[in-house]
Amino acid sequence: MNKSLIPIVTISMFIVLIWYAFSIVLNSSWALDKAERNNQKLSFSELVHDTWSQKKPKLPTPHQVGYEMWKTTFDKKITSKRSLVYHGWITLSATLAGFMLGTLLGVLLALAIVHDKATDLSVMPWIITSQTIPILALAPMIIVVSSSIGFTGLMPKAIISMYLSFFPIVVGMVKGLRSPDLLEIDQMKTWSASQFQILIKLRLPKSIPFLFTSLKLGMAASLVGAIVGELPSGAIAGLGARMLSGSYYGQTIQIWSALFAAAILAASLVGLISLIQAFVFKRMMIAQ
Amino acid sequence: MTNETVISAKSLDLTFQTNDGPVHALKDVNLNVTKGDFVSFIGPSGCGKTTFLRVMADLDQPTDGTITINGVSPKAARESRAYGYVFQSAGLYPWRTIGKNIRLPLEIMGISKSEQKERVEKVLKLVELEDFEKKFPWQLSGGMQQRVSIARALAFDADILLMDEPFGALDEIVRDYLNEQLLKLWHSTKKTICFVTHSIPEAVYLSTKIVVMSPRPGRIIDIIESDLPDKRPLEIRDTKEFIDIAQRVREGLRAGHSYE
């Protein structure tokens, strides 16, 4: 435990140091301009103090971001429009809805691809093509189209999340469902097993390790999808909306705290999947 | 023992089409296996011994000739669960216990839970692994895993056992032990066994009939009816009768194959 902790702490401290250093460099021109207008000369410690405490810095410091996050998480009612929990929940609900839809779609497509040669040949190229289209170009169209057929709010964002998250699930599950070797398939044949029995008893259990890898990728992609979905829609709530309004008004601290909230959210969700994975692997005797 | 024919192959041909042209895996193969026989197929790699076994199991289809298992086609025989097949590697599922691994074909065949339990206990006793039902495959040695795979093939009580180099990956000491155990098993169950190997002592020690095969094209060179007694202690391998049969197998192998 200690051995793995030391490098992690070292690297984290190194990053924080660099961050503070860059805050000085990037925010100093504003501080120097301000001092010049007031005919002041800044000592180095005064300069540092100013660059680390501006209201709209180019690069806010870790403690500014940390304080903003603390304030908007614990000091605001969670129903407040200024609460990070409120915005986080909006994004999280779209992420989870999109993730579930994407997982479902991905698994169904993988099942069809593995069991049907025609589907494999006809659908797989489209699946790959779907991921070459920049999601930023597609997201506004999805929102316009879905709102015109009556879907607003969570649903369009969930669809964008699904669009991004089904891909790793399909790719991983196709590989997983095909992972049984020739001997295992032959063995099933000697017992005259049906395709369905082969699926349930052999292919699905064998695809579990692939599924978990895919789920982690899919979850991260879902969150990106939900945030991207909040950008073009003029959404007023969600972490993406928080970032966008922050950039309109030059509220860099707000952007960074939304950014960190998203990163923490993603890490927790992926961590949760890892926990479930460890439990399932232990039950199934799969070495990690 | 009756003289009922269980497996009958007549002028069997099998040609694989590959990028390097056709490969004659089997050419004009004729063989009759009688009920209760222990038949070994021996020959160098590429002689078609495994392919022949796979044809019996309906895993490969012959391009010409006829073959019947219990008087019907291999496909019908497979569907009526006429044989158990033991592969080179045990192929146990790591997420299932030994007992559950043996249950796998029984589940697939829709055999009732209570009967599954009975049969698992019975076959584990046959391979002398009674205490391992709740263990997982990784807790067993390679030899034990292969015994489990034999138990699994016996679990649904097919009359024919097809074995494709089941002990090929095991060391000689384990192999001797398993050969002895397999003979015992054959005596107590009266199964018809087809056994692919490339070990001469193994073939001679186990078989009532030894089929010597040769490659390019895969064909039968010699069929040796063994007159060794039914009861065979491991020491039988030092007797003159044993050495004579081994010699004949060796000559057959040499005649059918140039080593240039």
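Residues numbered from 1 in each chain as written. Chains lettered and ligands numbered in written order. Predicted model: local features only at pLDDT ≥ 70, side-chain atom pairs only at ≥ 80, totals over all residues. Heavy atoms only, no water.

## A short note on the overall build of chain A
Point 1. A count of helices and strands for chain A gives 11 helices and 0 strands.
Point 2. The secondary structure elements of chain A, listed N-terminal to C-terminal, are α-α-α-α-α-α-α-α-α-α-α.
Point 3. Computed over its C-alpha atoms, the radius of gyration of chain A comes to 24 Å, more than 25% above the 19 Å expected for a compact globule of 288 residues.
Point 4. Taken along the three principal axes of its C-alpha coordinates, chain A extends 90 × 55 × 35 Å.
Point 5. Within chain A, contacts between residues at least 6 apart in sequence are counted, and of these 73% link residues at least 24 apart.
Point 6. In the form shown here, chain A has an accessible surface area of approximately 16000 Å², with 72% of it arising from carbon and sulfur atoms.
Point 7. Charged side chains of chain A number 24 positive and 12 negative; the gap between the two group centres comes to 6 Å. (Helix = DSSP H or I, 4+ residues; strand = E, 2+ residues; numbered from the N terminus. Rg over C-alpha atoms; globule rule 2.2 N^0.38 Å. Contact = heavy atoms within 4.5 Å. Areas by Shrake-Rupley, 256 points an atom, 1.4 Å probe, with all protein chains shown as cover. Lys, Arg positive; Asp, Glu negative; His and termini not counted. Charge placed at Lys NZ, Arg CZ, Asp CG, Glu CD.)

## What to know about the sheet that holds strand β1 (residues 5–18) of chain B
Residues and elements named next belong to chain B.
Point 1. Across the sheet, 3 strands lie side by side as β2-β1-β4; this open sheet has antiparallel pairing. Looking at the sheet topology across the chains shown, the edges are occupied by β2 (21–34) and β4 (64–69). Going across the sheet, the axis of each strand differs from the next one's by a mean of 20 degrees, ignoring polarity.
Point 2. Where β1 meets β4, 5 bridges bridge the pair, whose relative direction is antiparallel. When the sheet's bridge partners are listed, Lys10 is paired in β4 with Thr66.
Point 3. Lying on the sheet, helix α1 (residues 49–56) is in contact with β1, β2 and β4; it crosses β1 at an angle near 115 degrees. (Pairing = 2+ DSSP bridges. Axes fitted to C-alpha atoms, helices over the stretch in contact; angles between N-to-C directions.)

## Re the side chain of Gln146(B)
Residue and element names in this part refer to chain B.
Point 1. Within the element layout of this structure, Gln146 appears in helix α5 (residues 142–154).
Point 2. Overall, the relative accessible area of 3% leaves Gln146 in the buried class.
Point 3. A polar atom in the side chain of Gln146 sits 2.7 Å from the side chain of Ser149. (Buried < 20%, exposed > 50% of the residue type's maximum accessible area, 1.4 Å probe, protein only. Polar contact = N/O pair within 3.5 Å; in protein donor to acceptor, adjacent residues only side chain to side chain.)

## A look at helix α4 (residues 113–126) of chain B
Residues spaced three or four apart along an α-helix point in a common direction, a consequence of the helix completing one turn every 3.6 residues.
Residue and element names in this part refer to chain B.
Point 1. For α4, with 14 residues, the first-to-last C-alpha span of 20 Å sits near the 20 Å given by 1.5 Å per residue.
Point 2. Here α4 has its buried residues at Gln116, Val120, Val123 and Leu124. In an axial view of α4, the angular spread of the buried residues amounts to 100 degrees, which keeps them on one side of the axis. Set apart from the buried face of α4 by more than 90 degrees, the exposed residues are Ser114, Glu118 and Lys125.
Point 3. Packed against the buried residues of α4 are α3 (98–108) and α5.
Point 4. Of the residues flanking the end of α4, it is Glu128, one or two places downstream, whose phi is positive at about 55 degrees. (Expected span 1.5 Å × (residues − 1). Arc of directions from axis to C-beta.)

## Section: the domain arrangement of chain B
All names here are of chain B.
Point 1. Domain assignment breaks chain B into domain 1 (1–82 + 163–260) and domain 2 (88–157).
Point 2. The C-alpha-based centres of domain 1 and domain 2 are spaced at 25 Å.
Point 3. Listed by partner, the interface residues are 16 residues for domain 1 and 14 residues for domain 2.
Point 4. Per-residue buried area on domain 1 facing domain 2 is highest for Arg81, Gln181 and Leu185; these three make up 39% of the total on that side.
Point 5. Remark: the boundary between domain 1 and domain 2 carries 2 salt bridges.
Point 6. Applying the counting criterion to the domain 1 and domain 2 interface returns 7 residue pairs in polar contact (both at pLDDT 80 or more). (Domains from an automatic or database assignment. Buried area = accessible area lost by both parts, 1.4 Å probe. Salt bridge = Lys/Arg side-chain N within 4 Å of Asp/Glu carboxyl O.)

## Remarks on the sheet that holds strand β8 (residues 209–214) of chain B
Two orientations exist for strands paired in a sheet by backbone hydrogen bonds: parallel and antiparallel.
All names here are of chain B.
Point 1. Spatially, β5-β6-β7-β3-β8-β9 is the arrangement adopted by the 6 strands of the open sheet, whose pairing is mixed. Of all the strands in the sheet, just β5 (83–86) and β9 (219–225) have a single pairing partner and so form its edges. Neighbour-to-neighbour, the strand axes of this sheet turn through a mean angle of 15 degrees, independent of strand direction.
Point 2. Pairing analysis gives 5 bridges linking strand β3 (residues 38–42) to strand β7 (residues 192–197), with the strands arranged parallel.

## Structural notes on helix α7 (residues 154–177) of chain A
Residues and elements named next belong to chain A.
Point 1. When the terminal C-alpha atoms of α7 are compared, their 32 Å separation across 24 residues agrees well with the 34 Å that a helix rising 1.5 Å per residue should span.
Point 2. The largest bend along α7 reaches roughly 30 degrees and is located at Ser165, with the proline Pro168 sitting one to four residues downstream.
Point 3. Of all 24 residues in α7, 17 are buried; the element is thus mostly enclosed. (Bend = angle between axes of the 7 residues up to and from the residue.)

## Topic: the domain arrangement of chain A
Often, the extent of an interface is quoted as the loss of accessible area on bringing the components together.
Residue and element names in this part refer to chain A.
Point 1. One can read the domain layout of chain A as domain 1 (2–59) and domain 2 (84–284).
Point 2. Here the C-alpha centroids of domain 1 and domain 2 sit 38 Å apart.
Point 3. On the side of domain 2, 7 residues touch domain 1, which itself brings 7 residues to the contact.
Point 4. Taken together, the two surfaces of domain 1 and domain 2 that pack against each other cover about 490 Å², and 61% of this comes from carbon and sulfur.
Point 5. On the domain 1 side of the interface with domain 2, the three residues burying the most area are Trp19, Lys56 and Pro57, jointly 66% of the side's total.
Point 6. At the boundary of domain 1 and domain 2, one finds 0 salt bridges.
Point 7. At the junction of domain 1 with domain 2, the criterion picks out 2 residue pairs in polar contact (both at pLDDT 80 or more).
Point 8. Considering only residue class, the side of domain 1 that touches domain 2 consists of 3 nonpolar, 1 polar and 3 charged. (Nonpolar A, V, L, I, M, F, W, Y, C, P; charged D, E, K, R; others polar.)

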